Amino acid sequence: KKIFNEFYHEAIQNKSMPIILIFPNRSDIRLYNSLKKKRYAPLLSYFKSAGYKYIDLMDTLGGKEVEDLFQESHYQPAGNKLVAKHISHYLSNISNHSN
């Protein structure tokens with residue numbers, strides 16, 4: 001939590017808009033797909049209680065086949081495309097609400 005707090009407050013001091021990105025790994029996605037649980041749920045709860053902006057990429061990657069998303073330990077192009085689309089949509093929504 002300390003690292004996230006420092007990042008968030010330093011970004012604000014530098015007049016930037018901090019957004020925390022959560023990139024689930026293979027085991028995170030498998031757990032979510034089988035039990036609908038996120039092992040990092042306590043961290044998300046903390047972000048919510050602190051009012052931090054964050055993007056949980058499980059929202060777009062959950063339910064997909066792990067083999068379709070990963071090549072070794074990295075996302076494949078298809079996974080990267082889903083990630084980019086989700087982040088772009090999130091940022092577009094933020095900019096539409098701030099205008």
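**Topic: the nonpolar core**
- Membership of the largest hydrophobic core comes to 22 residues, with the highest contact counts inside it found for Ile20, Ile29, Phe47 and Leu61.
- For phenylalanine 47, the residues in contact, after removing those within four places along its chain, are Phe4, Ile20, Ile22, Tyr52 and Tyr54.

**A few points about the confidence of the model for the chain**
- The predicted model of the chain has a mean per-residue pLDDT of 94, with 98% of residues at 70 or higher.
- Within the chain, helix H3 (residues 41–50) carries the highest mean pLDDT (98), whereas helix H6 (residues 77–98) carries the lowest (90).

**A closer look at the pattern of salt bridges**
- Summed over the entire model, instances satisfying the criterion amount to 4 salt bridges.
- For aspartate 28, the salt bridge goes to arginine 39, with nearest N and O atoms at 2.4 Å. Of this pair, aspartate 28 sits in helix H2 (residues 26–35) while arginine 39 is found in the loop between H2 and H3, placing the two residues 11 residues apart along the sequence.
- Between lysine 38 and aspartate 56 there is a salt bridge, with its nearest N and O atoms 2.5 Å apart. Of this pair, lysine 38 sits in the loop between H2 and H3 while aspartate 56 sits in strand S2 (residues 54–56); the two residues are 18 residues apart in sequence, bridging distant segments of the chain.
- Here the salt bridges do not stand alone but share partners, grouping Lys38, Asp56 and Asp59 into one network.

**Thoughts on the packing of aromatic side chains**
- In total, this model carries 9 aromatic pairs according to the counting rule given.
- Ring geometry for tyrosine 46 versus tyrosine 52: centroids 6.1 Å apart, planes at 90°, classification edge-to-face. The same class applies to tyrosine 46 as to tyrosine 52, namely buried.
- Judged by centre distance (4.9 Å) and plane angle (55°), the rings of phenylalanine 70 and tyrosine 75 are tilted. Just as phenylalanine 70 is buried, tyrosine 75 falls in that class too.
- Connected via pairs of aromatic rings, a cluster forms that spans Phe4, Phe7, Tyr8, Tyr46, Phe47, Tyr52 and Tyr54.

Rules and cut-offs
- Residues numbered from 1 in each chain as written.
- Predicted model: local features only at pLDDT ≥ 70, side-chain atom pairs only at ≥ 80, totals over all residues.
- Heavy atoms only, no water.
- Core = buried A, V, L, I, M, F, W, Y, C linked by side-chain atoms within 4.5 Å.
- Buried < 20%, exposed > 50% of the residue type's maximum accessible area, 1.4 Å probe, protein only.
- Contact = heavy atoms within 4.5 Å.
- pLDDT = per-residue confidence, 0-100.
- Helix = DSSP H or I, 4+ residues; strand = E, 2+ residues; numbered from the N terminus.
- Salt bridge = Lys/Arg side-chain N within 4 Å of Asp/Glu carboxyl O.
- Phe/Tyr/Trp six-rings, centres within 6.5 Å; stacked < 30°, edge-to-face > 60°.

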